[in-house]
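Given next are the chains, with one letter for each unit.
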Amino acid sequence: MNSFEQFLINFANEKLQHFFNHHIFTLEQAEYEREKVDWTAIEFKDNQGCLDLIEKRKPVGILAVLDEECRFPKATDETFIGKLHSNFEKGNEYYKKPRLARQQFIVNHYAGEVEYDITNWRDKNKDELPEHLQDLIRSSANKFMAILYTPEKEEGGKDNAKATLGTQFKVHGAVLLVSLDWGLLTFFCMRACVRACVRACVRVGPIDGLDDEDCDDRAVLYSMRQAQHAKGARQV
């Protein structure tokens, strides 16, 4: 049965699928419209609803409910699954409650339905050592080891709450997507330069040393080399 680790992996896959759909379908087709390209619209499945079910904070998603349960000392697996069912069973097409299973729920992912078992999700999400081991480390004669597990204090004197594993995973995923965005921005800028180069070549016509019939191919290559775009064009 799929547990918390697989849930986070599938969450990452959903984010990457959404990123792919947005850049390859949504943005590309919007560019075709701006350039008045003759094309047939491509229909695709939008998985934003599934992402909202998993990560949204208002209204709450699955990870937000899990974080909330991790803050309550008396919370159990039963209270957690009960809150999931009460929040999402009715009115959310991406969530299902199995008929017989008591500690399971189903998410309708982009790739299909996946069933999860919530046993020990709260402990895994806290991502911490048992309290007695933390006390042992804090009492270590090695100052470095002791500091590692000493809670930081806020200005008001309260302990800073450690981010849960689910929250850390969301943050790291967001950082990854920003990196991918920058990579694609570089790619599209290079592609725009190549397009401009080709268009300029067509307008200018033959270049000294090149015959008319050679202009289309060789003139484009010549212009690209002059603008130092040949290496980038090979990547495009």
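Residues numbered from 1 in each chain as written. Predicted model: local features only at pLDDT ≥ 70, side-chain atom pairs only at ≥ 80, totals over all residues. Heavy atoms only, no water.

Enquirer: Any chance you could explain the pattern of salt bridges here in plain terms?
Expert: Where charged atoms from two side chains of opposite charge approach closely, those side chains can pair. In total, this model carries seven salt bridges according to the counting rule given. The closest approach of N and O atoms between Glu113 and Lys96, which form a salt bridge, is 2.4 Å. One end of the pair, Glu113, is in strand β3 (residues 112-117); the other, Lys96, is in strand β1 (residues 95-96), and 17 residues separate them in sequence. The class for Glu113 is partly exposed, based on a relative accessible area of 46%. Looking at Lys96, the relative accessible area reads 40%, which means it is partly exposed. One salt-bridge network, in which partners are shared between bridges, spans Glu68, Glu69 and Lys83. (Salt bridge = Lys/Arg side-chain N within 4 Å of Asp/Glu carboxyl O. Helix = DSSP H or I, 4+ residues; strand = E, 2+ residues; numbered from the N terminus. Buried < 20%, exposed > 50% of the residue type's maximum accessible area, 1.4 Å probe, protein only.)

Enquirer: How do you make sense of the packing of aromatic side chains when you look at a structure like this?
Expert: To describe a pair of aromatic rings, one takes the distance between the centres and the angle between the planes. Taken as a whole and assessed by the stated rule, the structure comprises twelve aromatic pairs. Measuring from ring centre to ring centre gives 6.1 Å for Phe80 and Trp121, while their planes differ by 40 degrees; the resulting arrangement is tilted. Of this pair, Phe80 sits in helix α4 (residues 77-88) while Trp121 sits in helix α5 (residues 121-126), and the two are 41 residues apart along the sequence. The pair formed by Phe80 and Trp121 is uniform in burial state, with each residue classed as buried. (Phe/Tyr/Trp six-rings, centres within 6.5 Å; stacked < 30°, edge-to-face > 60°.)

Enquirer: Explanation requested: the sheet that holds strand β2 (residues 104-109) in the structure shown.
Expert: Taken in spatial order, the three strands of this open sheet run β1-β2-β3, and their pairing is antiparallel. A single partner strand is all that each edge strand has here, and the edge strands are β1 and β3. Here two bridges tie β1 to β2, and the two strands are oriented antiparallel to one another. When the sheet's bridge partners are listed, Tyr95 is paired in β2 with Val107. Here helix α2 (residues 48-55) sits on the sheet in contact with β1 and β2, set at roughly 145 degrees to β2. (Pairing = 2+ DSSP bridges. Contact = heavy atoms within 4.5 Å. Axes fitted to C-alpha atoms, helices over the stretch in contact; angles between N-to-C directions.)

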